[in-house]
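Survey of secondary and tertiary structure
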Amino acid sequence: MTTYVLVPGFWLGGWAWRPVAAALRAHGHEVHALNVTDVVNLFRYEDLTDVVLVGHSYAGAVVTTSAADRMPDRVAKLVFVDTGPLPDGVSQSEFDAPDDRAATEARIVDGWRLPPPPWAQLGFGEDVLELLAERAVPQPWATATTPVSLTGAWEKLPRLGVLCSFTEEQVHAMAAAPMFRHMADGQWQYEELPTSHWPMFTRPAELAEILHRAG
């Protein structure tokens, strides 16, 4: 049995992992599907060790800074779902392409980033669209603009990148740039799962199998 901690990206909660978590539990694993704010408390108050720590999208920065860099002895493997770690001193918003910044800024209201308008453009089924309409919430924009602070302790951990909206070839090309240098050292393995940026909605069974093998 492996213990998994699953953390979603912007706008989502632990509920987004429901099909993936169910499939992992069917394999006999212990699964904690969390909101971003719950990660530190889980590790603080639960005696978890040998954890496969999974971060999707923005949560790639969360799992690195909140747990892996602070408590690397508790983590067996880091899994980044269509994302990667941020370098020390860099914020998530610095990765926005110039053409995307105006659209992003238009979605900032009173310091909160609103969900994409509308989710239907992303090709989700009606069941997922209903779930998102009911449960997706705005994201505090400061979470994207605050630089991460890392000691480097997390860098000794093995890592798996689950690539959904880009390929391994593209990752290695990107790794030549300083902002992406952590994506191609010897601690990485990659698995491609071609789909949208939200594979927990579009290909949950396949994502669960990849995570199962990672354990």
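Further remarks concern the environment of W112. Inspection of the secondary structure puts W112 in strand β6 (residues 112-113). Among the residues examined, W112 registers a relative accessible area of 41% and is labelled partly exposed. It is 17 Å that separates the C-alpha atoms of W112 and D96, two residues lying 16 residues apart in sequence. The residues touching W112, leaving out its near neighbours within four places in the chain, are R107, P138, Q139, P140 and W141.

Residue placement: T83 occurs in the loop between β4 (75-81) and α4 (98-106). Judged by relative accessible area, T83 falls into the buried class, the value being 13%.

We now examine the environment of G13. Tracing the sequence through the fold places G13 in the loop between β1 (3-7) and α1 (18-26). Those residues within four positions of G13 in sequence are excluded, and the remaining contacts are P8, L34 and N35.

In a beta sheet, neighbouring strands are held together by backbone hydrogen bonds and run either parallel or antiparallel to one another. On the basis of which strands lie adjacent, the open sheet formed by six strands has the order β2-β1-β3-β4-β8-β9 and parallel pairing. If you trace the sheet from one side to the other, it starts and ends with β2 (30-33) and β9 (188-192), each paired once. Here the average twist between neighbouring strands, direction ignored, is 20°. In terms of strand pairing, β1 meets strand β3 (residues 51-56) through five bridges, oriented parallel. Looking across to β3, one finds that Y4 is bridged to V52. α1 contacts β1 and β2 of the sheet and is inclined by roughly 175° relative to β1. Sheet strands touched by helix α3 (residues 59-68): β1, β3 and β4. Its angle to β3, the strand with the most contacts, is close to 145°.

With five of its five residues buried, β1 lies for the most part within the structure. Alternating residues of β1 divide into T3, V5 and V7 and Y4 and L6, and every residue in both groups is buried. The sheet contact formed by β1 and β2 spans four bridges and is parallel. Within β2, the position partnered with L6 by the bridge is A33. What joins β1 to β2 is α1, and the crossover it makes is right-handed.

Spatial ordering of the open sheet is given by β5-β6-β7, a layout of three strands whose pairing is antiparallel. Each edge of the sheet is formed by a strand with only one pairing partner; in this case those strands are β5 (108-109) and β7 (139-140). The pairing of β5 with β6 spans two bridges and is antiparallel. Its bridge partner being in β6, I108 is matched across the sheet by R113.

To continue, consider the pattern of salt bridges. In the structure shown here, the tally under the stated rule is three salt bridges. With its nearest N and O atoms 3.9 Å apart, the salt bridge here joins R135 to E134. E206 serves as the salt-bridge partner of R203, at 3.5 Å between the closest nitrogen and oxygen. With a relative accessible area of 24%, R203 lands in the partly exposed category. Since its relative accessible area comes to 34%, E206 is described here as partly exposed.

Rules behind the numbers
Residues numbered from 1 in each chain as written. Predicted model: local features only at pLDDT ≥ 70, side-chain atom pairs only at ≥ 80, totals over all residues. Heavy atoms only, no water. Helix = DSSP H or I, 4+ residues; strand = E, 2+ residues; numbered from the N terminus. Buried < 20%, exposed > 50% of the residue type's maximum accessible area, 1.4 Å probe, protein only. Contact = heavy atoms within 4.5 Å. Pairing = 2+ DSSP bridges. Axes fitted to C-alpha atoms, helices over the stretch in contact; angles between N-to-C directions. Right-handed = clockwise from strand over helix to strand, strands pointing away. Salt bridge = Lys/Arg side-chain N within 4 Å of Asp/Glu carboxyl O.

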